[in-house]
Amino acid sequence: MKKDRIEQRPSWDEYFLKMAKLVAQRSTCMRRQVGAVAVRDKRILATGYNGAPSGLAHCIDIGCLREKLGIPSGQRQELCRAIHAEQNVIIQAALHNVDLKDATLYVTNHPCVSCAKMLISCGIREIVMLDGYPDYLAKKLLKEAKIKIRKVKIKN
């Protein structure tokens, strides 16, 4: 019985990526639900999901401007009212005086270039993700900053 229990126990990567998937369920984006969890020393520092800034109407309530304008994924991000999951992690950490330096970010999708620049600046040292995202510049900047990136598959 004990051996079966150990075999079912998730790895740390799987544990935190499943949490990122759970956090993503709070997303109010109509296009892509993204969740992120910042971790250091196996302790959660902050979480974030993509959605409108605090106190503003969410896209699920008023519709998606990017959809209305026919803007493809990954383009004209400034026309989105949502804050990205990675940005919300940084904001939540700042609001609660939590230092993200040398933390690992577990995220459901590869960060966009804007989020990549913020993650570099706040000292994230590693990104563990479930899925990719077609942003060449983000990948280039993260590599230049020597941030380790790993894509991990998990069991549902």
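For every chain, the first residue of the written sequence is number 1, and numbering continues from 1 onward in sequence order. Two thresholds apply to this predicted model, a pLDDT of at least 70 for residue-level local features and 80 or more for giving and counting side-chain atom pairs, whereas whole-chain, interface and lining totals are computed over all residues. Water and hydrogen atoms were dropped before computing side-chain values, which therefore reflect all heavy atoms in the structure.

Chemist: Sorry, what's going on with the overall build of the chain here?
Modeler: Of the regular secondary structure elements, the chain holds seven helices and five strands. Helix and strand assignments follow DSSP, with helices taken as H or I runs no shorter than four residues and strands as E runs no shorter than two, numbered in order from the N terminus. Put simply, the chain runs from its N terminus to its C terminus through helices and strands in the order α-α-β-β-α-α-α-β-α-β-α-β. Computation of the radius of gyration draws on C-alpha atoms, with the globule rule given as 2.2 Å multiplied by the number of residues to the power 0.38. Relative to a compact globule of 156 residues, whose C-alpha radius of gyration would be 15 Å, the chain shows 16 Å and is just as compact. C-alpha atoms of the chain, sized along the principal axes, occupy 55 × 35 × 30 Å. Relative accessibility under 20% of the residue-type maximum defines a buried residue, over 50% an exposed one, and the middle range a partly exposed one, all with a 1.4 Å probe and only protein chains included. Here the chain holds 156 residues, and the buried ones make up 41% of them. Roughly 9,600 Å² of accessible area belongs to the chain as shown, and the carbon and sulfur atoms make up 52% of that amount. If the 28 positive side-chain charges of the chain are averaged to one point and the 15 negative ones to another, these points end up 1 Å apart. For the accessible areas, the method is Shrake-Rupley and the probe is 1.4 Å, while residue cover comes only from the protein chains on display. This count recognises Lys and Arg as positive and Asp and Glu as negative, with His and chain-terminal groups excluded. Where a charge lies is defined by one atom per residue type: Lys uses NZ, Arg uses CZ, Asp uses CG and Glu uses CD.

Chemist: Any chance you could explain the state of the cysteines here in plain terms?
Modeler: A covalent bond between the sulfur atoms of two cysteines is what we call a disulfide. Our working definition of a disulfide is a cysteine sulfur pair at a distance within 2.5 Å. As enumerated under the stated definition, the model contains zero disulfides in all. Cys-59 provides the cysteine sulfur closest to Cys-80, a residue in no disulfide bond, and the two sulfurs are 5.6 Å apart. By relative accessible area, which is 24% here, Cys-80 ends up partly exposed.

Chemist: Would you explain the packing of helix 5 (residues 85-95) against helix 6 (residues 113-122) in this entry?
Modeler: Each pair of packed helices can be described by the angle between their axes along with the distance between the axes. Angles shown run from 0 to 180 degrees and are taken between the N-to-C directions of axes, each axis being a line fitted to C-alpha atoms and, for helices, limited to the stretch in contact. The N-to-C vectors of helix 5 and helix 6 enclose an angle of 30°; their axes lie 9 Å apart at closest approach. On the basis of their axis angle, the class for helix 5 and helix 6 is roughly parallel. Crossing handedness for the pair helix 5 and helix 6: left-handed. From helix 5, Glu-86, Gln-87 and Ile-90 reach across to helix 6, where they touch Ser-114, Cys-115, Met-118, Leu-119 and Cys-122. Each residue belonging to the contact of helix 5 with helix 6 can be placed in one class, and the counts come to five nonpolar, two polar and one charged. Throughout this description, any angle smaller than 35 degrees is read as roughly parallel, any larger than 145 degrees as roughly antiparallel, any in the 65 to 115 degree range as roughly perpendicular, and the remainder as oblique. In this scheme the crossing of two helices becomes right-handed for a clockwise turn of the near helix relative to the far one and left-handed for an anticlockwise turn of less than a right angle. Residues are treated as being in contact if the distance between any of their heavy atoms lies within 4.5 Å. Any residue that is not Ala, Val, Leu, Ile, Met, Phe, Trp, Tyr, Cys, Pro, Asp, Glu, Lys or Arg is counted as polar, Gly included; the first ten are nonpolar and the last four charged.

Chemist: Help me understand the packing of helix 6 against helix 7 (residues 136-144) in this model?
Modeler: One way to put it is that helix 6 packs onto helix 7 with a least axis distance of 8 Å and a crossing angle of 15°. The pairing of helix 6 with helix 7 is recorded here as roughly parallel in orientation. By crossing handedness, the relation of helix 6 to helix 7 is classed as right-handed. Between helix 6 and helix 7, the residues in contact are Val-113, Ala-116, Lys-117 and Ile-120 and Leu-137, Ala-138, Leu-141 and Leu-142, respectively. Grouping the amino acids of the contact of helix 6 with helix 7 by side-chain chemistry returns seven nonpolar, no polar and one charged.

Chemist: Hey, could you run me through the pairing of strand 4 (residues 126-131) in this one?
Modeler: Two faces make up the sheet, and in a regular strand the side chains alternate between them. For strand 4, the buried fraction is high: five of the six residues fall into the buried class. Between the parallel elements strand 3 (residues 104-109) and strand 4, the chain passes through helix 6 in a crossover that is right-handed. One requirement defines pairing of two strands: DSSP has to find at least two bridges between them. Here strand 4 runs beside strand 5 (residues 148-151); their pairing, made up of four bridges, is parallel. The residue bridging Val-128 from the neighbouring strand is Arg-150, located in strand 5. The handedness of the strand 4 to strand 5 crossover, carried by helix 7, is right-handed. Looking down the strands as they point away from the viewer, one classifies a crossover as right-handed if the path from the first strand across the helix to the second runs clockwise.

Chemist: Whenever I open this one, the pattern of salt bridges confuses me. Can you help?
Modeler: Side chains carrying opposite charge are able to pair once their charged atoms draw close together. A side-chain nitrogen of Lys or Arg and a carboxyl oxygen of Asp or Glu constitute a salt bridge if their distance falls within 4 Å. Tallied over the full model, the rule gives five salt bridges. As a salt-bridge pair, Glu-14 and Lys-18 come within 3.5 Å of each other at their nearest N and O atoms. Of this pair, Glu-14 and Lys-18 both sit in helix 2 (residues 12-24), four residues apart, which is roughly one turn of that helix. The partly exposed category is assigned to Lys-18, whose relative accessible area is 33%. Glu-67 is the salt-bridge partner of Arg-31, the closest N and O atoms lying 2.7 Å from each other. With Arg-31 in the loop between helix 2 and strand 1 (35-40) and Glu-67 in helix 4 (residues 65-69), this pair connects stretches of sequence that are 36 residues apart. The partly exposed category is assigned to Glu-67, whose relative accessible area is 46%. Here the salt bridges share partners, and the residues they tie into one network are Asp-13, Arg-125, Glu-126 and Arg-150.

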